[in-house]
Amino acid sequence: MSNALYHTIHEPIAGGGQNLNVTTASATVSSAFPARTSAVRLFGLVPCYIDFGASASAGTAFYLAASAVEYFAASASATLSAIIASGAAGTLNIKALVD
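Calculation notes
Residues numbered from 1 in each chain as written. Predicted model: local features only at pLDDT ≥ 70, side-chain atom pairs only at ≥ 80, totals over all residues. Heavy atoms only, no water. Helix = DSSP H or I, 4+ residues; strand = E, 2+ residues; numbered from the N terminus. Buried < 20%, exposed > 50% of the residue type's maximum accessible area, 1.4 Å probe, protein only. Contact = heavy atoms within 4.5 Å. Pairing = 2+ DSSP bridges. Axes fitted to C-alpha atoms, helices over the stretch in contact; angles between N-to-C directions.

1. As for the environment of Val98
Next up, step 1: Relative to the helices and strands, Val98 is located in strand β8 (residues 90–98).
Next up, step 2: Judged by relative accessible area, Val98 falls into the buried class, the value being 12%.
Next up, step 3: As a C-alpha pair, Val98 and Thr37 span 61 residues in sequence and 5.2 Å in three-dimensional space.
Next up, step 4: Sequence-distant contacts of Val98, that is, excluding residues within four places in its chain, are made with Ile9, His10, Glu11, Ile13, Arg36 and Ser38.

Take a look at the structure:
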């Protein structure tokens, strides 16, 4: 029986990191991802809702728990938006990756 499971290894893109200050007032939008981006690594210090583009809203976007690390496929020039899920404002770290 063969094992069909595998994990793609991504390489960080130099200068491809950014920190978003996530608040409850409205969605905070990231800068566009750099050329060659194929994925992003997200790490939130606070619980938040995230969505690609400028439309993150509580309850309808992807929930990212505090201290959780998630990876998503992404493309160059795309943006990500985030809004706090609960509690005080905090930081969402975004790192652009390439295969």
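There's more to say after this.
2. Things to note about the sheet that holds strand β3 (residues 39–44)
Pairing between the strands of a sheet is mediated by backbone hydrogen bonds and can be parallel or antiparallel.
Next up, step 1: Spatially, 4 strands are ordered β1-β8-β3-β6 in an open sheet, and the strand pairing comes out antiparallel. Each edge of the sheet is formed by a strand with only one pairing partner; in this case those strands are β1 (11–22) and β6 (69–73). Across the sheet, the axes of successive neighbouring strands diverge by a mean angle of 20 degrees, strand direction being ignored.
Next up, step 2: Judged from the 6 bridges that link them, β3 and β8 form a sheet pairing that is antiparallel. In the sheet register, Arg41 faces β8, and the bridge partner there is Lys95.

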